[in-house]
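Coordinate analysis (summary)
These are the residues of each chain, in order.
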Amino acid sequence: MTARLDATGRPGLCSTFCRELREPLPGTAVVASGWVLVEQPGPWGAKAPTQSHLDPEFGGAIDAACKKADVRFGLIRSPGRHPDRTERSHQVYVASTTPGRTWLLGCGVADPLELDGLDLEAVGRGDRDAVIESLPALTVVDEPVMLVCTNGKRDECCALLGRPLVKALAAVAPGRVWEANHLGGHRFAPTATLLPAGTMHGHLTAQTAVAVLEAAARGETMLTGLRGRSTWTNRGQAAEIAVRRLIGELALDALSVVGEDPGFVVVVHRDGRSWAVPVTTAPADPPRPESCGKEPFAMSILHAGTPVPGEAR
């Protein structure tokens with residue numbers, strides 16, 4: 001396989017292969033009904049919850065507990081320099097991404113250990129009142145926030161492509177853009193997640209990232225670089241995007257994934273329309289590396305066909 005140089009001038013990056021091979025983005029977002037994020041300045045290792053200045057025992061425990069509750073846990077830090085030790089409050093965000101129960105809460109904590117009592121099951125089911133009851137410092141955050149993966153210890157592409165994007169965005173959306181330790185899909189770098197929507201995008205530029213933020217503020221999503229909404233399974237993500245492209249629907253909560261079988265995924269519109277979307281899986285051809293430094297392999301790639309209209313519900 002011959003790879004051209006990417007925008008950084010570096011050959012052989014996994015994101016270069018991904019762009020050159022035009023790998024489809026739909027259906028590649030992580031799967032989680034909720035998100036818990038805590039600000040942790042300083043350096044991050046490849047497994048940041050246990051390899052940072054966050055207490056490793058606590059980091060490993062809350063990461064495992066979040067996974068059990070179908071919630072994504074991550075570390076964030078503000079754009080710019082990252083001093084090793086800072087005496088300051090840690091920003092916390094808690095989000096539910098489920099349509100009809102989509103919300104974002106935030107607060108500052110003196111010590112991340114204060115998250116010990118957070119009701120993660122309530123986060124997973126979108127019960128905002130129960131979440132606030134478990135951590136009363138949390139308050140509603142009205143503006144969406146964007147997370148951009150920048151962890152070079154996890155993958156080289158995230159640092160080389162993510163950090164310049166964060167720097168550019170910080171100038172136009174201060175306080176709404178954060179570096180994130182890991183969002184999955186390194187080969188789609190620079191990658192970003194919008195909360196509380198849970199929509200994930202790849203191959204972003206500063207211009208498209210600003211457009212994504214502006215759309216989120218309107219309760220919409222952008223189709224450019226859209227990988228999927230973390231609420232749905234990967235097959236559901238691919239199917240939902242296929243319907244959005246077919247009808248030009250941008251409103252975030254207009255569509256829901258209501259059923260899956262081995263051949264089709266059923267997507268419904270809030271106006272009653274429905275579609276059966278054929279979604280298939282095939283080995284990548286040619287094989288490609290999942291992340292920098294790994295050997296190419298025939299990973300599975302999802303393909304969504306043309307949605308077939310069903311009867312109004």
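Since the model is a prediction, treat every value here as computed from it, not as a measurement.

**Section: the overall build of the chain**
When its secondary structure is counted, the chain shows seven helices and 15 strands. Taken over the C-alpha trace, the chain has a radius of gyration of 19 Å; the compact-globule value for 313 residues is 20 Å, and the two agree within 12%. Dimensions of the chain, computed from C-alpha atoms along their principal axes, come out at roughly 55 × 50 × 35 Å. Of the contacts formed within the chain by residues at least 6 apart in sequence, a portion of 66% connects residues at least 24 apart. A total accessible area of about 13700 Å² is found for the chain, and carbon and sulfur atoms account for 52% of it. Charge separation in the chain, taken as the distance between the mean sites of 32 positive and 35 negative side-chain charges, equals 6 Å.

**Thoughts on the pattern of salt bridges**
All chains considered together, the criterion is met by nine salt bridges. In this structure, Lys-67 and Asp-63 form a salt bridge, with 3.6 Å as the shortest nitrogen-oxygen distance. Remark: Asp-63 and Lys-67 occur in helix 2 (residues 56–68); sequence separation between them is four residues, near one turn of the helix. Judged by its relative accessible area of 17%, Asp-63 falls in the buried class.

**Digging into the confidence of the model for the chain**
Averaged over the chain, the pLDDT score is 88; the fraction of residues at 70 or greater is 93%. Of all secondary-structure elements in the chain, the lowest mean pLDDT belongs to helix 1 (residues 14–20), at 72, while strand 5 (residues 139–140) reaches the highest, 98. Of the regions scoring below 50 in pLDDT, residues 1–9 engages in 21 contacts with residues more than four places distant in sequence or in other chains.

**Examining a negative patch on the surface**
On the surface, a cluster of negative charge is contributed by Asp-55, Glu-57, Asp-111 and Glu-114. Its place among the elements puts Glu-57 in helix 2.

**Digging into the packing of aromatic side chains**
Enumeration over the complete set of coordinates arrives at one aromatic pair. Taken together, a centroid distance of 5.9 Å and an interplanar angle of 75 degrees make the contact between Tyr-93 and Trp-178 edge-to-face. On the criterion of sequence distance, the pair formed by Tyr-93 in strand 3 (residues 90–98) and Trp-178 in strand 7 (residues 177–180) is long-range, its members being 85 residues apart. Taken as a pair, Tyr-93 and Trp-178 share a single burial class, namely buried. One cation-aromatic arrangement involves Arg-77 over Trp-44; the distance from NZ or CZ to the ring centre is 3.7 Å.

**Things to note about the sheet that holds strand 10 (residues 226–229)**
The mixed open sheet is built from 10 strands, whose spatial order is 5-4-3-1-2-7-6-8-9-10. Each having just a single partner strand, strand 5 and strand 10 make up the two edges of the open sheet. Across the sheet, helix 5 (residues 156–172) lies against strand 2 (71–77), strand 6 (145–149) and strand 7, angled at about 150 degrees from strand 6, the strand it touches most.

**Examining the nonpolar core**
A general feature of soluble globular proteins is that nonpolar side chains tend to end up buried together. Residues Val-36, Phe-73, Val-94, Leu-118, Val-131 and Leu-138 are the most contacted members of the largest nonpolar core, which totals 27 residues. For this core, the secondary-structure elements that each account for two or more residues are strand 1 (34–39), helix 2, strand 2, strand 3, strand 4 (101–109), helix 3 (120–125) and helix 4 (128–134). It is strand 4 that provides the largest number of residues to this core, a total of four residues. Those residues in contact with Val-36 that sit more than four places away from it in its chain are Cys-66, Val-71, Arg-72, Phe-73, Gly-74, Tyr-93, Val-94, Leu-118 and Leu-120. Grouped together as the second largest cluster of nonpolar side chains are 17 residues, Ile-76, Ala-95, Cys-149 and Leu-195 included.

**Focus: the pairing of strand 2**
Taken across its seven residues, strand 2 has seven buried, putting it largely inside the fold. Both faces of strand 2 are covered, namely the face carrying Val-71, Phe-73, Leu-75 and Arg-77 and the face carrying Arg-72, Gly-74 and Ile-76. Sheet analysis places strand 1 next to strand 2, joined by six bridges and oriented parallel. Each residue of the ladder has a partner; that of Val-38, found in strand 2, is Leu-75. Once you follow strand 1 into helix 2 and on to strand 2, the crossover reads as right-handed. Alignment of strand 2 against strand 7, held across two bridges, turns out to be antiparallel. Each bridged residue has a counterpart across the sheet, and for Arg-77 the counterpart in strand 7 is Glu-179.

**Focus on unusual backbone geometry**
Following Leu-195, the chain continues to Pro-196 via a peptide bond in cis, the omega torsion being 15 degrees. The residue Pro-196 is located in the loop between strand 8 (192–195) and strand 9 (199–201) in this model. Geometrically, the link from Asp-285 to Pro-286 is a cis peptide bond, its omega value of 0 degrees lying close to zero. The residue Pro-286 is located in the loop between strand 13 (274–283) and strand 14 (300–304) in this model. Here the phi dihedral of Asp-70 falls at roughly 60 degrees; this positive angle occurs in a residue that is not glycine. Structurally, Asp-70 can be placed in the loop between helix 2 and strand 2.

About the criteria used
- Each chain has its residues counted from 1, following the order in which its sequence is written.
- The model is predicted, so local features are restricted to residues of pLDDT at least 70 and side-chain atom pairs to those at 80 or more, both for listing and for counting; the totals for chains, interfaces and linings are taken over all residues.
- To obtain the side-chain values, all non-hydrogen atoms of the structure were included, while hydrogens and water were left out.
- Comment: elements are numbered from the N terminus, with helices defined as DSSP H or I runs of at least four residues and strands as E runs of at least two.
- Radius of gyration here is computed from C-alpha atoms only, and the compact-globule reference equals 2.2 Å multiplied by the residue count raised to the power 0.38.
- Throughout, a contact is declared for two residues whenever any of their heavy atoms are within 4.5 Å.
- Each accessible area value is a Shrake-Rupley result obtained with a 1.4 Å probe; residue values ignore everything except the protein chains displayed when judging cover.
- For the purpose of counting charges, residues Lys and Arg are taken to be positive, whereas Asp and Glu are taken to be negative. His and the chain ends are not included.
- Every charge is mapped onto a representative atom, which is NZ of Lys, CZ of Arg, CG of Asp or CD of Glu.
- Throughout this description, the term salt bridge denotes a Lys or Arg side-chain nitrogen within 4 Å of a carboxyl oxygen of Asp or Glu.
- Categorising residues by exposure relies on relative accessible area from a 1.4 Å probe, with only protein chains included: less than 20% of the type maximum marks a residue as buried, more than 50% marks it as exposed, and the intermediate range marks it as partly exposed.
- For every residue, the predictor reports its confidence as pLDDT, a number between 0 and 100.
- Here the term patch refers to residues with relative accessible area over 30% and no salt bridge, with like charges joined within 9 Å and nonpolar side chains (Val, Leu, Ile, Met, Phe, Trp, Tyr) within 5 Å.
- Two aromatic rings, drawn from Phe, Tyr or Trp (for Trp, its six-membered ring), form a pair once their centres lie within 6.5 Å of each other, and the interplanar angle then sorts them: stacked below 30 degrees, edge-to-face above 60, tilted otherwise.
- The criterion for a charge sitting over a ring is simple: Lys NZ or Arg CZ within 6 Å of the ring centre, and within 35 degrees of the ring normal.
- A pair of strands is treated as paired once DSSP finds two or more bridges between them.
- Axis lines are fitted to C-alpha atoms, over the contacting stretch for helices. Their N-to-C directions set the angle, which ranges from 0 to 180 degrees.
- In this description, a nonpolar core means a group of buried Ala, Val, Leu, Ile, Met, Phe, Trp, Tyr and Cys residues linked to one another through side-chain atoms lying within 4.5 Å.
- With the strands aimed away from the viewer, a crossover counts as right-handed if its path from the first strand over the helix to the second runs clockwise.

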